[in-house]
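Report on the structure
Listed below are the residues making up each chain.
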Amino acid sequence: MVQKYQSPVRVYKHPFELIMAAYERRFPTCPLIPMFVASDTVSEYKSEDEAIHVIERRCKLDIDAPRLLKKIAGVDYVYFVQKNSLNRRERTLHIEAYNETFSNRVIINEHCSYTVHPDNEDWTCFEQSASLDIKSFFGFESTVEKIAMKQYTSNIKKGKEIIEYYLKQLEEEGITFVPRWAPPVACKSESSTSHPRRPVSPAINIPESATKEGLSSKEILNTSSSPSEPTAGTPDDKLDADYIKRYLGDLTPMQESCLIRLRQWLQETHKGKIPKDEHILRFLRARDFNIDKAREILCQSLTWRKQHQVDYILDTWNPPQVLQDYYAGGWHHHDKDGRPLYVLRLGQMDTKGLVRALGEEALLRYVLSINEEGLRRCEENTKVFGRPISSWTCLVDLEGLNMRHLWRPGVKALLRIIEVVEANYPETLGRLLILRAPRVFPVLWTLVSPFIDDNTRKKFLIYAGNDYQGPGGLLDYIDKEIIPDFLGGECMCEVPEGGLVPKSLYRTAEELENEDIKLWTETIYQSASVFKGAPHEVLIQIVDASSVITWDFDVCKGDIVFNIFHSKRAPQPPKKDSLGAHSITSPGGNNVQLIDKVWQLGRDYSMVESPLICKEGESVQGSHVTRWPGFYILQWKFHSMPACATTNLPRVDDVLASLQVSSHKCKVMYYTEVIGSEDFRGSMTSLESSHSGFSQLSAATTSSSQSHSSSMISR
């Protein structure tokens with residue numbers, strides 16, 4: 001397995017030239033890096049105007065590895081080759097390094113760059129990436145991998161310290177300024193007449209042939225055909241190390257790398273807005289920074305949020321009055337760590353009455369709105385307290401809990417709520433304080449605890465009776481001034497007191513079922529399952545030849561091929577496939593096949609668009625202007641294709657692989673609409689002007705033309 005690392009952008013608030021002066025002092029040896037024993041210059045090239053300096057060194061490292069392993073390998077030292085390409089004109093330094101020792105068994109590549117900060121030319125940015133691929137190592141592959149990663153991460157931490165150490169050394173010597181490179185006087189007048197000002201561009205990689213043939217720097221510059229690209233990250237596209245510490249907290253180098261790589265993967269996949277960094281970080285923490293596992297649950301959550309328009313729940317959904325009067329929970333100041341505090345008087349709440357009056361889905365939606373409000377309050381408290389706050393504290397008072405609370409439909413609703421919250425709001429609960437737990441609590445805990453994640457369970461603190469008033473109790477976590485009055489404090493708590501829901505508000509099973517369907521079918525999307533040999537097909541009848549068929553679909557699982565066909569005759573009534581499995585969320589998906597097996601392409605029906613291969617996790621929007629009346633069939637068909645081996649991260653087809661019950665099963669979530677030609681204003685515009693709700697988290701995409709000029713598919 002290939003291990004990868006990507007650093008955030010680290011900013012030195014010093015000019016590039018001064019940073020370079022400090023950097024050069026690391027050679028030939030550096031006392032701050034004990035493993036860096038020595039370095040020898042292998043080759044060196046300087047341009048005539050001294051703007052470009054390329055130097056290649058052979059570095060000798062004393063790796064901290066067990067003596068037995070060194071003896072088996074037959075080496076005491078490990079050698080690396082490092083090539084530095086300095087471009088003083090453009091103010092960039094690019095560093096490439098690879099291992100020379102055991103290069104046929106272990107492949108290590110590293111790339112670093114120092115560039116000018118895009119917003120302040122007196123600051124310098126540093127970025128670093130690396131990869132480790134152990135092919136074989138005498139049966140000690142796992143051990144070598146651990147040693148290599150340990151050594152590398154420890155050196156990453158020292159990197160900034162070393163530069164700052166040499167900067168301080170320069171300052172003690174009276175060197176606080178190094179002038180920028182300037183062309184020789186003879187060249188200066190020439191450049192000022194023909195080239196008033198050159199734009200900043202990346203350092204140019206000097207080919208070895210150029211150095212051997214003795215080409216001048218001007219000739220080398222003229223042979224370069226690569227376009228200019230941004231030389232350093234900005235807050236919009238890259239993460240700054242100081243930003244991570246301020247808003248996300250202290251992360252290890254490898255945790256930073258996981259966040260950056262997953263964020264980059266989302267940018268490449270969703271091509272638009274991506275989840276906020278703290279949201280991505282929660283999913284990584286929930287899976288112990290395993291990128292593959294975090295991607296799985298994050299992709300599922302993004303699809304779920306889009307399907308049920310959870311992003312808009314605070315703005316578009318008003319809780320029923322019954323909830324406002326009898327749901328005994330609400331937000332109440334914050335704890336000592338600055339986390340928002342939510343108080344729930346579960347013992348005073350009539351869970352049976354709420355379920356009978358509202359149904360399970362209304363309760364679930366209300367809990368989701370509470371979680372969305374919690375995310376918003378975390379962001380606010382992060383700004384107020386000046387430190388990262390990504391979770392909240394929940395105080396649950398169980399006084400009054402009895403067997404009535406163990407009513408089976410009520411417990412079922414509670415378990416469903418826990419399941420949905422665990423899947424979509426991981427690592428949002430910082431601490432759970434359970435107070436005044438009665439004797440019946442162990443029964444409830446036995447029912448509920450299996451559905452709670454192990455990491456979440458560790459955050460539970462349970463107090464029986466009045467134990468919360470003693471040492472290690474409530475005062476350790478909440479300031480005395482904000483302890484609610486019903487717990488013996490002096491702060492008035494505005495949380496509803498709960499109480500029994502009047503039976504006059506109860507509703508029949510039929511009414512509740514219809515209400516539940518209404519709540520969760522407000523989404524315009526439908527779910528479908530696609531199997532190998534069993535595509536899902538949708539029939540659209542067109543009367544007006546100039547109509548426009550629009551679509552918007554997400555590939556939730558597997559890879560599919562999207563096709564559009566036309567037929568003059570209607571297909572037979574659809575056959576529902578008995579294998580149609582459930583979708584990610586209720587209601588369940590289905591599988592409908594319309595094209596009869598005896599139909600022949602070109603005789604009974606025709607293809608009107610080129611097939612479009614869609615990868616797992618992609619969102620696709622598009623349209624087709626119909627040329628003939630008749631019957632159009634939209635088809636989602638199973639597709640299998642090897643993952644691309646050239647990308648840094650696996651494609652979306654690897655995201656949910658471990659969850660697949662069958663390797664021959666896909667899922668799509670789709671919406672289609674027919675629009676009159678006079679109302680059509682392009683596929684994206686037409687979709688936005690109807691009722692297509694695009695998630696704030698998963699986002700819109702860019703456009704690319706596909707097949708006929710009358711059709712456009714956006715991804």
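I will try to describe carefully the structure that is included in this document.

Calculation notes
Residues numbered from 1 in each chain as written. Predicted model: local features only at pLDDT ≥ 70, side-chain atom pairs only at ≥ 80, totals over all residues. Heavy atoms only, no water. Buried < 20%, exposed > 50% of the residue type's maximum accessible area, 1.4 Å probe, protein only. Helix = DSSP H or I, 4+ residues; strand = E, 2+ residues; numbered from the N terminus. Core = buried A, V, L, I, M, F, W, Y, C linked by side-chain atoms within 4.5 Å. Contact = heavy atoms within 4.5 Å. Phe/Tyr/Trp six-rings, centres within 6.5 Å; stacked < 30°, edge-to-face > 60°. Polar contact = N/O pair within 3.5 Å; in protein donor to acceptor, adjacent residues only side chain to side chain. Axes fitted to C-alpha atoms, helices over the stretch in contact; angles between N-to-C directions. Parallel < 35°, antiparallel > 145°, perpendicular 65-115°, else oblique. Nonpolar A, V, L, I, M, F, W, Y, C, P; charged D, E, K, R; others polar. Pairing = 2+ DSSP bridges. Left-handed = near helix turned anticlockwise from the far one by under 90°.

**Section: helix α9 (residues 277-286)**
Of all ten residues in α9, nine are buried; the element is thus mostly enclosed. Those residues of α9 that sit buried are D277, E278, H279, I280, L281, R282, F283, L284 and A286.

**Quick notes on the nonpolar core**
Of all hydrophobic cores here, the largest spans 52 residues; its most connected members are L323, Y327, L354 and L398. Only α12 (321-326), β10 (340-344), α13 (351-358), α14 (360-385), β11 (392-397), α15 (408-424), β12 (429-437) and α16 (441-448) provide two or more residues apiece to this core. The biggest single contributor to this core is α14, with nine residues. Residues contacting L398, with those up to four places away along its chain left out, are L346, G347, I434, L435, R436, A437, P438 and F441.

**Overview of the packing of aromatic side chains**
The tally for this structure, following the rule as stated, stands at 20 aromatic pairs. The interplanar angle of 80 degrees and the centroid separation of 5.2 Å between the aromatic rings of F565 and Y605 together place this pair among those described as edge-to-face. One end of the pair, F565, is in strand β17 (residues 559-567); the other, Y605, is in the loop between β19 (592-593) and β20 (606-607), with 40 residues separating them in the sequence. Classification of F565 as buried rests on a relative accessible area of 5%.

**Some words on the environment of R282**
Within the secondary structure, R282 sits in helix α9. The buried category is assigned to R282, whose relative accessible area is 5%. A C-alpha to C-alpha distance of 9.0 Å links R282 and A294, two positions twelve residues apart in sequence. If we ignore the near neighbours within four places in the chain, the residues touching R282 are L375, C378, S390, P426, E427 and T428. Among the polar contacts listed, one links the side chain of R282 to the backbone oxygen of S390, at a separation of 3.0 Å.

**Re the packing of helix α1 (residues 16-24) against helix α3 (residues 141-172)**
Two elements in contact, α1 and α3, have axes separated by 8 Å at closest approach and are oriented at 100 degrees. Put simply, α1 runs roughly perpendicular to α3. Across the interface between the two elements, L18, I19, A21, A22 and Y23 of α1 pack against I163, Y166, L167 and L170 of α3. Here the residues of the contact of α1 with α3 sort into nine nonpolar, no polar and no charged.

**Topic: the sheet that holds β11**
For sheets, the rule is that strands pair by backbone hydrogen bonds, running either parallel or antiparallel. Pairing is mixed across the open sheet formed by five strands, whose spatial order is β9-β10-β11-β12-β13. The open sheet has two free edges, formed respectively by β9 (329-334) and β13 (460-464), since each of these has just one partner strand. For this sheet the average axis-to-axis angle between neighbouring strands, irrespective of direction, equals 20 degrees. By the bridge criterion, four bridges tie β9 to β10 in an arrangement that is antiparallel. By the bridge assignment for β10, G330 is matched with V343. Packed on one face of the sheet, α14 meets β9, β10 and β11 and runs near 5 degrees to β9.

**Observations concerning the packing of α14 against α15**
Direction vectors running N to C along α14 and α15 enclose 35 degrees, while the axes themselves pass 10 Å from each other. Classified by chirality, the crossing of α15 by α14 is right-handed. Seen from α14, the contacting residues are E360, E361, L363, L364, V367, L368 and N371; seen from α15, they are K412, A413, R416, I417, V420 and V421. Here the contact of α14 with α15 is built from residues that sort into eight nonpolar, one polar and four charged.

Nothing here speaks to function; it is geometry throughout.
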